[in-house]
Amino acid sequence: MFGSIRKQVDETISNDIETIIGKNTVIKGEIVGGGNLRVDGTVDGGISIDGCVIIGEAGTVNGDIKAVNLNISGQVNGNADIAENLSIAASGQLIGDVKVGSFNIAQGGVFKGRSEMSTRTRTEMATED
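Report follows, based on the coordinates. These numbers were taken from a predicted model, which means no experiment stands behind them.

Conventions adopted
Residues numbered from 1 in each chain as written. Predicted model: local features only at pLDDT ≥ 70, side-chain atom pairs only at ≥ 80, totals over all residues. Heavy atoms only, no water. Helix = DSSP H or I, 4+ residues; strand = E, 2+ residues; numbered from the N terminus. Buried < 20%, exposed > 50% of the residue type's maximum accessible area, 1.4 Å probe, protein only. Contact = heavy atoms within 4.5 Å. Areas by Shrake-Rupley, 256 points an atom, 1.4 Å probe, with all protein chains shown as cover. Pairing = 2+ DSSP bridges. Axes fitted to C-alpha atoms, helices over the stretch in contact; angles between N-to-C directions. Core = buried A, V, L, I, M, F, W, Y, C linked by side-chain atoms within 4.5 Å.

1. Thoughts on the overall build of the chain
Item 1. Helix and strand counts for the chain come out as two helices and 18 strands.
Item 2. Relative to its full complement of 129 residues, the chain shows a buried share of 43%.
Item 3. Partitioning the contacts of the chain with sequence separation of at least 6, the portion at a separation of at least 24 is 9%.
Item 4. Counting every atom, the chain has about 7,000 Å² of accessible surface; 48% of that belongs to carbon and sulfur.

Next up, the structure:
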């Protein structure tokens, strides 16, 4: 049951991706914007997106992430401030502290850090900047 719900959510998000960082791309610096972002390459810097961030299996982020939702199948080395849902897939790894609305870790997924659950809305999160 949960697998089919997750698949529907993943398909909805992936159909609305505005920016893709490809496997052979390295970004050094901050990424700020709206819409949804998929990282299959490497980002050496923070990400602040008013939307969803997807880290593909080949993706790596070395920096903090602030977003509405975050799905990790690759690797994140940094803190995450996520308004709604953070999901770590079986191939995913997050090393850092998190503030989240909800948190899912698949069997085999790795999380090393502290977690804080909150009930902040997108509006409250935006006014914290």
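2. So, the sheet that holds strand β1 (residues 17-21)
Item 1. Overall, parallel pairing links the six strands, which are arranged β1-β4-β7-β10-β13-β16 in an open sheet. Pairing within the sheet leaves two strands with one partner each, and these edge strands are β1 and β16 (102-105). Taking each pair of neighbouring strands and ignoring which way they run, the sheet shows an average axis angle of 10 degrees.
Item 2. Pairing of strand β10 (residues 69-72) with strand β13 (residues 85-88), which is carried by three bridges, proceeds in the parallel orientation. Along β13, the bridge assignment pairs N71 with S87.

3. Looking at the nonpolar core
Item 1. Membership of the largest hydrophobic core comes to 23 residues, with the highest contact counts inside it found for I47, I55, I65, L70 and L86.
Item 2. For this core, the secondary structure elements donating two or more residues are β4 (36-39), β6 (47-50), β7 (52-55), β9 (65-67), β10, β12 (80-82), β13 and β15 (98-100).
Item 3. Setting aside anything within four residues of it in sequence, one finds I65 in contact with I47, V53, I55, L70, V76, N79, A80, D81 and I82.

4. Topic: the sheet that holds strand β14 (residues 93-95)
Item 1. Strands sit in the order β2-β5-β8-β11-β14-β17 across an open sheet of six strands; the sheet is parallel. Edge positions in the sheet fall to β2 (26-28) and β17 (110-112), since each has one partner strand and no second. Taken over all neighbouring pairs, the strand axes of this sheet differ in orientation by 5 degrees on average, direction set aside.
Item 2. Pairing of strand β8 (residues 60-62) with strand β11 (residues 75-77) involves three bridges; the strand directions are parallel.

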